[in-house]
Amino acid sequence: MDRIGVVDTMFARVDMGSIAENRLAGMEGFGERFKAVRRTVPGIRDLAVACRQLIERENCEVVLACGMPGGDDLDRIRAHEASQGIMMAQVLAGKHVLEAFVHAQEEPDPVKFTELCRQRVGAHAVNAYWLLYAPEELRKRAGQGVRQGGPDAGPLPG
Ligand SMILES: Cc1nc2c(=O)[nH]c(=O)nc-2n(C[C@H](O)[C@H](O)[C@H](O)CO)c1C
């Protein structure tokens, strides 16, 4: 059975990993063709290694890295470091790691922020599924200004 990895953090204030797992559980073939493998790490800087382990030790075909950078300058630096680590992990492993980060400063209202997490993480879970099983779904959205967690920007005219 194929495996899609999901990594999230204890630092996050929303259970992002469960959002991803639940979304994947609603996709065609869940439990038959593929399953989700979940890991939780302390914070965003720990995501890259966990992603690499999921690919190399747990044979995941694609991994979703969920993280919530805080709003302080130090958090933003950590987020940049974490992103670089995730980039390195996916290039070294030769498998996609989708980064589903929701930054604290994106939305001040806690209810709307939680909904933003739900939308972004859910959309990237679907993207991970499409990368594996339905690349044509990605292809038909090429250049459409698709956004995860907010309204699509749409294509430019012309
Ligand atoms: C400053 C800081 N900010 C964040 C953050 O905004 N989001 C997050 O998920 N984790 C943060 N961490 C924790 C680090 O990512 C990491 O877990 C520790 O440095 C241990 O490796 C730290 C230390």
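Details of the structure are given in the entry above.
Let us look at the structure shown here. (Residues numbered from 1 in each chain as written. Predicted model: local features only at pLDDT ≥ 70, side-chain atom pairs only at ≥ 80, totals over all residues. Heavy atoms only, no water.)

1. Some points on the pairing of strand E1 (residues 2-9)
In terms of residue burial, E1 counts as a mostly covered element, since six of its eight residues are buried. By the bridge criterion, eight bridges tie E1 to strand E2 (residues 34-41) in an arrangement that is parallel. Bridge pairing in E2 places glycine 5 opposite valine 37. Sheet analysis places E1 next to strand E3 (residues 62-67), joined by four bridges and oriented parallel. The partner of glycine 5 across the bridge, within E3, is valine 63. (Buried < 20%, exposed > 50% of the residue type's maximum accessible area, 1.4 Å probe, protein only. Helix = DSSP H or I, 4+ residues; strand = E, 2+ residues; numbered from the N terminus. Pairing = 2+ DSSP bridges.)

2. Quick look at the site of the ligand
Taken together, Phe11, Pro42, Gly43, Ile44, Arg45, Asp46, Met68, Pro69, Gly70, Leu74, Asp75 and Arg78 form the complete shell of residues around the ligand. A distance of 2.6 Å is found between a nitrogen atom of the ligand and a side-chain nitrogen or oxygen belonging to aspartate 75. Burial of the ligand by the protein amounts to 75% of the accessible area it has alone, namely 480 Å². Among the residues making up the shell around the ligand, the classes are represented as six nonpolar, two polar and four charged. (Near = heavy atom within 4 Å. Polar contact = N/O pair within 3.5 Å; in protein donor to acceptor, adjacent residues only side chain to side chain. Areas by Shrake-Rupley, 256 points an atom, 1.4 Å probe, with all protein chains shown as cover. Nonpolar A, V, L, I, M, F, W, Y, C, P; charged D, E, K, R; others polar.)

3. Quick notes on the pattern of salt bridges
On inspection of all chains with the given rule, the structure shows 14 salt bridges. Put simply, arginine 76 and aspartate 73 hold a salt bridge, and the shortest N to O gap is 2.9 Å. Of this pair, arginine 76 and aspartate 73 are both found in helix H3 (residues 73-93), three residues apart, which corresponds to roughly one turn of the helix. On the basis of relative accessible area, arginine 76 is assigned to the partly exposed category, the value being 36%. (Salt bridge = Lys/Arg side-chain N within 4 Å of Asp/Glu carboxyl O.)

4. What about unusual backbone geometry?
One non-glycine residue, asparagine 59, lies in positive phi territory at about 55°. On the basis of relative accessibility, which here comes to 52%, the residue asparagine 59 falls in the exposed class.

5. Overview of the environment of leucine 131
Along the chain, the position of leucine 131 falls in helix H4 (residues 110-133). Classification of leucine 131 as partly exposed rests on a relative accessible area of 28%. Linking leucine 131 and histidine 96, residues 35 residues apart in sequence, is a C-alpha distance of 8.3 Å. Excluding residues that lie within four positions of it along the chain, leucine 131 makes contacts with Val62, His96, Leu98 and Leu138. (Contact = heavy atoms within 4.5 Å.)

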